[in-house]
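Summary of structural features
Below are the chains, spelled out letter by letter.
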Amino acid sequence: MAHRWKNNLSADDVTSEALFWNRRKILAGLAGSGLAAATGQSVQAAEGEALTSNTWEDVTSYCNFYEFGTGKSDPSLFARKMTTSPWSVEIDGLVERPGAYSFDDIMSEMTIEERIYRFRCVEAWSMVVPWNGFELADLLNLAGVQDGAKYVSFETLYRPNEMPGTVYPVLDWPYREGLRLDEAMHPLTMMATGIFGKPLPNQNGAPLRLVVPWKYGFKSIKSIVKITLTDTQPETSWNMANAREYGFYSNVNPNVDHPRWSQASERVLGGGLFAKRQDTLMFNGYEEEVAHLYDGMDLAKFN
Ligand code: MTE
């Protein structure tokens, strides 16, 4: 499948695989791999030096997955209880072929590729992740989007006996997110099934999660069981919890602060005491690719 997206990150930007897998195997083949990503070829993993001073602990134990607790290490401690096989995704609403799509059937239809994306949490930390997965558009086309569809809503698994965090009404469970249809169909928007060439660990949203690299991380909903095509803007968990702080769009924007902190810069994950701070980029660095989606919109208002 030909993809129009051009990668502008290299292996030097990748949060080291050591962060995830505690070994010195990195995706050396990712250097200058924009071409590979753009043509949809998977990128070869190769032995090499760790690229950053990050530790494995930093990323696998520093997760947000509130169904397993609100502490950063709760997901890595408790998400292993989540059953991820068998798994299916219900696709319904304004689609030609509604139904339960099994994870295995989805995987047999999709071409898995590797993409290095910046990932910026609304809490002002960031990392660079080599995801494995496919474009969300390919999945939506499999189900066949009807003409009247304007939005896509997503739901995470809600299984209280496997998700200790759901006893707390931190959010209105199940975790829900949404995109406008054009955002969902954008070639940068992907469904991730892996990181660093391995299946997604449970705490990172196994077996499949959304990744929308120009939006704050909370839009990248994990462990998806339901996708609904609608003609009205869907309700989303964070927006329902606090609309003033978490807008429906939530595009990364250094010029629009969170009501309680600045969004102008971010802490790069890892590095401990020597953690870098860097300026946050408009649309998280994907301005060229996505700014046109918001032409004429007041980004401070539609935050
Ligand atoms: N998805 C679900 N179902 N539950 C969550 O709590 N947290 C979000 C997002 N997706 C979350 C979720 C937030 S706030 C962020 S920053 C990212 O997941 C974190 O992804 P990571 O833990 O893989 O870094």
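Calculation rules
Residues numbered from 1 in each chain as written. Predicted model: local features only at pLDDT ≥ 70, side-chain atom pairs only at ≥ 80, totals over all residues. Heavy atoms only, no water. Near = heavy atom within 4 Å. Polar contact = N/O pair within 3.5 Å; in protein donor to acceptor, adjacent residues only side chain to side chain. Areas by Shrake-Rupley, 256 points an atom, 1.4 Å probe, with all protein chains shown as cover. Nonpolar A, V, L, I, M, F, W, Y, C, P; charged D, E, K, R; others polar. Buried < 20%, exposed > 50% of the residue type's maximum accessible area, 1.4 Å probe, protein only. Helix = DSSP H or I, 4+ residues; strand = E, 2+ residues; numbered from the N terminus. Phe/Tyr/Trp six-rings, centres within 6.5 Å; stacked < 30°, edge-to-face > 60°. Lys NZ or Arg CZ within 6 Å of the ring centre and 35° of its normal.

As a matter of local geometry, the ligand sits amid 18 residues, with Tyr-66, Glu-67, Asn-204, Arg-209 and Lys-222 nearest to it. One nitrogen or oxygen atom from the side chain of Thr-156 is found 2.9 Å from a nitrogen atom belonging to the ligand. At a separation of 3.0 Å, a nitrogen atom of the ligand approaches a polar backbone atom of Ser-220. Coverage of the ligand by the protein chains reaches 98% of its 530 Å² of free accessible surface. For the shell around the ligand, the residue count by class is ten nonpolar, five polar and three charged.

Now for helix 6 (residues 136-143). The buried fraction of helix 6 is high, at six of eight residues. All of the buried residues along helix 6 are Leu-136, Ala-137, Asp-138, Leu-139, Leu-140 and Ala-143. Looking one or two residues past helix 6, Gly-144 carries a phi angle of roughly 80°, positive in sign.

Time to look at the packing of aromatic side chains. Inspection of every chain in the model, using the stated rule, returns 14 aromatic pairs. Taking 6.3 Å as the distance between ring centres and 35° as the angle between the ring planes, the aromatic pair formed by Phe-119 and Trp-125 counts as tilted. For the pair Phe-119 and Trp-125, one class covers both residues: buried. Taking 6.0 Å as the distance between ring centres and 75° as the angle between the ring planes, the aromatic pair formed by Tyr-151 and Phe-248 counts as edge-to-face. Of this pair, Tyr-151 sits in strand 7 (residues 151-156) while Phe-248 sits in the loop between helix 8 (237-241) and strand 13 (265-268); the two residues are 97 residues apart in sequence, bridging distant segments of the chain. Judged by relative accessible area, which is 14%, Tyr-151 ranks as buried. Taken together through their ring pairs, the aromatic side chains of Tyr-151, Phe-248, Tyr-249, Phe-283, Tyr-294 and Phe-302 make up a single cluster. Note that Lys-72 overlies the ring of Tyr-62, its terminal NZ or CZ placed 5.6 Å from the centroid.

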